[in-house]
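Residue-level structural notes
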Amino acid sequence: MTRIYCGNLPFSTNDDELRDMFEEFGSVNEATVVSDRETGRSRGFGFVDMDTDGATKAIEALDGIDYKGRTLKVNVARPREERPPRNNRRRY
DNA sequence: GTTGAGCGTT
């Protein structure tokens, strides 16, 4: 299984649409469009978890293509960034 | 609009 990052998505793209466009290259385990937790709006990128061979094919096929006026950026995802504690006020 | 979350215990 490989995690894929898909950036520059139109705000109109949903999890299901993202899954559907990757399904044609392999079995998608999980497809998620990231939304801002505080606004509920799409952040314009998402992640797809699928079979490694399908992921490779999908990256080659989808990276750089035009999708609804947006040039998609598709590549293997980086590990999730560590979040600093939000409930810890800075104190000096 | 470019690399996800949670909001005290999985």
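This report concerns the structure included in the present document. Please read all numbers here as calculations on a predicted model, not as lab measurements.

Here we come to the pattern of salt bridges. Inspection of every chain in the model, using the stated rule, returns two salt bridges. A salt bridge links Glu 17 to Lys 68; its shortest N-O distance comes to 3.1 Å. Here Glu 17 is found in helix α1 (residues 15-23), whereas its partner Lys 68 is found in the loop between β4 (66-67) and β5 (70-71), with 51 residues between them in sequence. By relative accessible area, which is 23% here, Glu 17 ends up partly exposed. Classification of Lys 68 by relative accessible area gives exposed; the value is 52%. The salt bridge partner of Glu 23 is Arg 19, with a shortest N-O separation of 3.4 Å. A residue pair is termed a helical-turn pair when its members lie 3 or 4 positions apart in one helix, as Glu 23 and Arg 19 do in helix α1 at four residues. On the accessibility criterion, Arg 19 (26% relative accessible area) is partly exposed.

For the coordinates displayed, the defined rule picks out three aromatic pairs. Consider the rings of Tyr 5 and Phe 45, whose centres lie 5.8 Å apart with planes at 40°: the pair is tilted. Taken together, the positions of Tyr 5 in strand β1 (residues 2-7) and Phe 45 in strand β3 (residues 42-50) put the pair 40 residues apart, joining distant regions of the chain.

Each value, and the rule that gives it
- Residues numbered from 1 in each chain as written.
- Chains lettered and ligands numbered in written order.
- Predicted model: local features only at pLDDT ≥ 70, side-chain atom pairs only at ≥ 80, totals over all residues.
- Heavy atoms only, no water.
- Salt bridge = Lys/Arg side-chain N within 4 Å of Asp/Glu carboxyl O.
- Helix = DSSP H or I, 4+ residues; strand = E, 2+ residues; numbered from the N terminus.
- Buried < 20%, exposed > 50% of the residue type's maximum accessible area, 1.4 Å probe, protein only.
- Phe/Tyr/Trp six-rings, centres within 6.5 Å; stacked < 30°, edge-to-face > 60°.

Worth remembering: the numbers are spatial, not functional.
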